[in-house]
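Structural characterization, general
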2 protein chains.
Amino acid sequence: MLPRSLFDLPTPAVLVEADRLEANLRSMAALCARHGVRLRPHVKTHKCVPLARRQLELGAIGLSAAKVSEARVFIEDGLTDVLVAYPLRGDKVAALRALDAPVSTLVDDASGVEGLAAGWSGAARPLGVAVKVDVGLGRVGVPWQQPERVLDLARRIERAPGLRFVGLVTHAGHAYRAVDAAEVAVVGRHEGDAMAQVADFLRAAGQPVPCVSVGSTPTARAAVARPGVDELRPGVYVFHDAQQVALGAATWADCALTVWTTVVSRGDDHRAICDAGSKTFSSDRGAHGTDRVPYGVLPSRPQLALVGLSEEHGWLRAERGDAPWPGERLRIVPAHACAVVNLARALWIVEGERVVDRWPVAASGAVC
Amino acid sequence: MLPRSLFDLPTPAVLVEADRLEANLRSMAALCARHGVRLRPHVKTHKCVPLARRQLELGAIGLSAAKVSEARVFIEDGLTDVLVAYPLRGDKVAALRALDAPVSTLVDDASGVEGLAAGWSGAARPLGVAVKVDVGLGRVGVPWQQPERVLDLARRIERAPGLRFVGLVTHAGHAYRAVDAAEVAVVGRHEGDAMAQVADFLRAAGQPVPCVSVGSTPTARAAVARPGVDELRPGVYVFHDAQQVALGAATWADCALTVWTTVVSRGDDHRAICDAGSKTFSSDRGAHGTDRVPYGVLPSRPQLALVGLSEEHGWLRAERGDAPWPGERLRIVPAHACAVVNLARALWIVEGERVVDRWPVAASGAVC
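Figured I'd write up the structure that's included with this text. Note that the structure is predicted; figures quoted are calculated from it, not measured.

A few words now on the relation of the copies chain A and chain B. At an RMSD of 0.0 Å, chain A and chain B line up after a rotation of 180° and a shift of 0.0 Å along the axis. Considering both components of the superposition, the chain copies are consistent with a two-fold axis. No C-alpha of chain A lies nearer the rotation axis than that of Ser-283 of chain A, which sits 2.5 Å from it. The residues that chain A uses at the interface reappear at the interface of chain B in 100% of cases, marking a shared surface.

Right, dumping it as structure tokens:
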């Protein structure tokens, strides 16, 4: 039996406002449709099968996942076209093969190709393999300035029995280090252009490039508009969060995910403690450098901020001396929604105060 | 079937070195025994029933937990004397009562006493209630400088049918903000002395104080030695971590918990990426102000550090240009062990390279 109201939920709980979620899904689907770009959303944000299903209903052509164990959850539910956008090593190749589904993955060096080829030997179904290109994040991938290395990897993939070269993939995560929306747009335009340039190099050398895939929520708008971009893989656009607002990629009215928490103690007029700490919010304020947002924001009470986290305590600071009282409940937009979802076991889907559904976070803790 | 070797484990995995764990357990038990102080360890660190059982075998008189749902896991396994060291509000009181076990909890204001009294009305078993005192952290609790407020709460508890005043509880978490071991010791001595002073005030007013309970791993050594301290509630001493080493509360040889991870990409001689990111390490580098440690440390390779985290990527920086190669596996001591355990579903107990047991993190995600 589903609780009827928010006020029947034990706290802390993670809420998703149904109409905001739907609006975010439709908005990204429309953006991609407008530019003729395929949408392959990243499930690491939500880890929920019903949400992925809705993304596919609205036109997504498949899913992206970060790990094999994460992909498995969706594949076992019948959502089988998953790009595991991660360089797989060792036993992970066998784990991917065991999924027995039309999956694809990526590499960024020759040993990666060799590992996949060895693991795919004798397989009935070919494995789609993309080359990861680094357009500036400095994490995984061949630097975009070295297209000859990308070409070499594409050819190695084509030569390997069982593997099929499916294109180029990047993630412009350095957009999270940008100081404002204008700088984010610069990163997004470069993301698209650099990838198109690498693809052109391969094509000029006679190597077809079936797909140029880019992805990140903040750069989406700028990147999809660049010529040569075929596919977009954003994740957090489904919920948005304080980090996206800080980057100009969303407004507070777009933030669909909140933490529902009860005030448990009030030190004085300026400070109170709520029952959601770092084991609910995570301590993540942005993976790639955006520590400028607080752990949580209350858009309707801007003078109240979540300024610190113990494991099970949220530290609230009330600038105006109107700290909330024990028993009071608050809805707080987190800094980073993906990290909050990963800590939860369920998302409560709400329409205002009414609880309308409960989605298990099926891939919670799927890090392997 | 248990994997035989570390190298048979899928990564990332959380490892616990059996002999270091045992040494840490024995060391804290011996410290408490030496000072005639009872040990009531906090399970929030490990969330594992077999580990709690071992703590009790070695002399712990009961357990501490942060939330009712966390306590439930241990109580259902027969470990019933649990202090839920958290101000319970609303439906949490009924949840505590439903545990039907000899639990206790704490309050820090009169409305907390009222809530407990209302929820405990007609119960067969009295509820032990402590008063939380704040000795400097500034989170939850009556400030130690206001013993008359503590006395008032103790008397309210005594007057409430169904409730029983069991003593005073504090947590000197501000020790985590100290700059060195000497300052930690100052905080620990003050923790014990301030609590003894409050207890003396109550006793002078005719209010018996059955127990003065203090707790935190860094302050343990200083606090247990103070006259008037009856009970200690440390948590992370079982594993230790980079934060405890930074505070002088442990050495690297005491660090029992490590993250086992595979290198998946190598950008150049100075940087590599491993498969454990913030969804394994958490982004927690110390709840109360110690952001001075990196996300992870490799004690045997001090020139290699885990300097950044994406959700599923660990960013390794190799000062000497000997970045590890894809496929290489590393054991990394995290900044904060409690946060790592909470993200894991199991702890792998190892003796060197040999895997000897697997403990489910039974209370993982128990935040309610």
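Attention shifts here to the interface of chain A and chain B. Counting from both sides, the interface comprises 54 residues of chain A and, opposite them, 54 residues of chain B. Between chain A and chain B, a total of about 4300 Å² is buried, with carbon and sulfur atoms accounting for 50% of that surface. Counting the contacts that link chain A with chain B gives 4 salt bridges. Between Lys-44 of chain A and Glu-311 of chain B there is a salt bridge, with its nearest N and O atoms 2.8 Å apart. One can count 26 residue pairs in polar contact (both at pLDDT 80 or more) joining chain A with chain B. Only strand E4 (82–87), helix H4 (91–98), strand E11 (257–268), strand E12 (271–274), helix H10 (278–281) and helix H11 (337–343) of chain A provide two or more residues apiece to the side of chain A that touches chain B. Element by element, the count of residues in the side of chain A that touches chain B is highest for E11 of chain A, at 4 residues.

All names here are of chain A. Residue Pro-12 is reached from Thr-11 by a cis peptide bond, and omega for that bond is -5°. For Pro-12, the position within the fold is in the segment before strand E1 (13–17). Positive phi outside glycine occurs at Asp-100, with the angle close to 50°. For Asp-100, a relative accessible area of 59% corresponds to the exposed category. In this structure, Ser-282 is a non-glycine residue whose phi angle is positive, near 65°. Residue Ser-282 is classed as buried on the basis of its relative accessible area of 10%.

The next subject is the environment of Val-103 of chain A. All names here are of chain A. Its place among the elements puts Val-103 in the loop between H4 and strand E5 (104–107). Judged by relative accessible area, which is 5%, Val-103 ranks as buried. In this structure the C-alpha to C-alpha distance between Val-103 and Glu-183, which are 80 residues apart in sequence, comes to 34 Å. When sequence neighbours within four positions are dropped, the list of residues in contact with Val-103 reads Ile-75, Thr-80, Val-82, Leu-96, Leu-127 and Gly-128.

Summarising the element assignment, Ser-265 of chain B is placed in strand E11 (residues 257–268). Side-chain polar atoms of Ser-265 of chain B contact the side chain of Asp-108 of chain A, separated by 2.5 Å. Excluding its chain neighbours within four sequence positions, the residues that come into contact with Ser-265 of chain B are Asp-108, Arg-139, Val-140 and Gly-141 of chain A together with Ala-272, Ile-273 and Pro-326 of chain B.

Along H4 of chain A, the residues that are buried comprise Lys-92, Val-93 and Leu-96 of chain A. The buried residues of H4 of chain A occupy an angular sector of 105° when projected down its axis, which confines them to one face.

All names here are of chain B. At their nearest, the axes of helix H1 (residues 18–34) and helix H2 (residues 49–57) sit 10 Å apart, and the two run at 40° to each other. Taken together, the axes of H1 and H2 lie oblique to each other. Classified by chirality, the crossing of H2 by H1 is right-handed. Together, Leu-21, Glu-22, Leu-25 and Arg-26 of H1 and Leu-51, Arg-54 and Gln-55 of H2 make up the contact between the two elements. For the contact of H1 with H2, the class distribution of residues is 3 nonpolar, 1 polar and 3 charged.

Residues and elements named next belong to chain A. Applying the stated rule across the entire model yields 42 salt bridges over all chains. For Arg-226, the salt bridge is made with Asp-193, and the minimal N-O distance between the two is 2.9 Å. Remark: Asp-193 occurs in helix H7 (residues 181–204) and Arg-226 occurs in the loop between helix H8 (220–224) and strand E10 (231–232); sequence separation between them is 33 residues. A relative accessible area of 26% places Arg-226 in the partly exposed class. Using a relative accessible area of 30% as the deciding quantity, one classes Asp-193 as partly exposed.

Grouped together as the largest cluster of nonpolar side chains are 111 residues, with contacts concentrated most on Leu-163, Leu-168, Phe-239 and Leu-316 of chain A. If one sorts the elements of this core by residue count, H7 of chain A sits on top with 7 residues. Apart from residues lying up to four places away in sequence, Leu-168 of chain A is in contact with Val-131, Val-133, Val-150, Met-195, Val-198, Ala-199, Leu-202, Val-209, Cys-211, Val-212 and Ser-213 of chain A. Ranked by size, the runner-up nonpolar core spans 110 residues in total, among them Ile-75, Ala-101, Leu-163 and Ala-276 of chain B.

The next subject is the pairing of strand E6 (residues 127–134) of chain B. All names here are of chain B. In terms of burial, E6 is largely enclosed, as 8 of its 8 residues are buried. Burial along E6 is two-sided: Leu-127, Val-129, Val-131 and Val-133 facing one way and Gly-128, Ala-130, Lys-132 and Asp-134 facing the other are all buried. Of the pairings in the sheet, the one linking strand E5 (residues 104–107) to E6 comprises 4 bridges and is parallel in character. In the sheet register, Ser-104 faces E6, and the bridge partner there is Gly-128. Each parallel crossover has a hand, and for E5 linked through helix H5 (residues 110–120) to E6 it is right-handed. Inspection of the sheet shows E6 paired to strand E8 (residues 163–169) by 6 bridges, in the parallel sense. Each residue of the ladder has a partner; that of Gly-128, found in E8, is Arg-164. One ladder, built from 2 bridges, connects E6 with strand E7 (residues 142–143); its direction is parallel.

Our focus in this paragraph is the packing of helix H4 (residues 91–98) of chain B against H5 of chain B. Angle between the axes and distance between the axes: these two values describe a pair of packed helices. All names here are of chain B. Remark: H4 packs on H5, axes separated minimally by 9 Å, with the N-to-C direction vectors making an angle of 45°. It follows that H4 is oblique to H5 by the angle criterion. Handedness of the crossing formed by H4 with H5: right-handed. On the side of H4, the interface is formed by Val-93, Leu-96 and Arg-97, while H5 contributes Gly-115, Leu-116, Gly-119 and Trp-120. Residue composition of the contact of H4 with H5, by class: 4 nonpolar, 2 polar and 1 charged.

Rules behind the numbers
- Residues numbered from 1 in each chain as written.
- Chains lettered and ligands numbered in written order.
- Predicted model: local features only at pLDDT ≥ 70, side-chain atom pairs only at ≥ 80, totals over all residues.
- Heavy atoms only, no water.
- Least-squares fit on C-alpha atoms with pLDDT ≥ 70 in both.
- Contact = heavy atoms within 4.5 Å.
- Buried area = accessible area lost by both parts, 1.4 Å probe.
- Salt bridge = Lys/Arg side-chain N within 4 Å of Asp/Glu carboxyl O.
- Polar contact = N/O pair within 3.5 Å; in protein donor to acceptor, adjacent residues only side chain to side chain.
- Helix = DSSP H or I, 4+ residues; strand = E, 2+ residues; numbered from the N terminus.
- Buried < 20%, exposed > 50% of the residue type's maximum accessible area, 1.4 Å probe, protein only.
- Arc of directions from axis to C-beta.
- Axes fitted to C-alpha atoms, helices over the stretch in contact; angles between N-to-C directions.
- Parallel < 35°, antiparallel > 145°, perpendicular 65-115°, else oblique.
- Left-handed = near helix turned anticlockwise from the far one by under 90°.
- Nonpolar A, V, L, I, M, F, W, Y, C, P; charged D, E, K, R; others polar.
- Core = buried A, V, L, I, M, F, W, Y, C linked by side-chain atoms within 4.5 Å.
- Pairing = 2+ DSSP bridges.
- Right-handed = clockwise from strand over helix to strand, strands pointing away.

Scope: geometric values only; no functional claims are made or implied.
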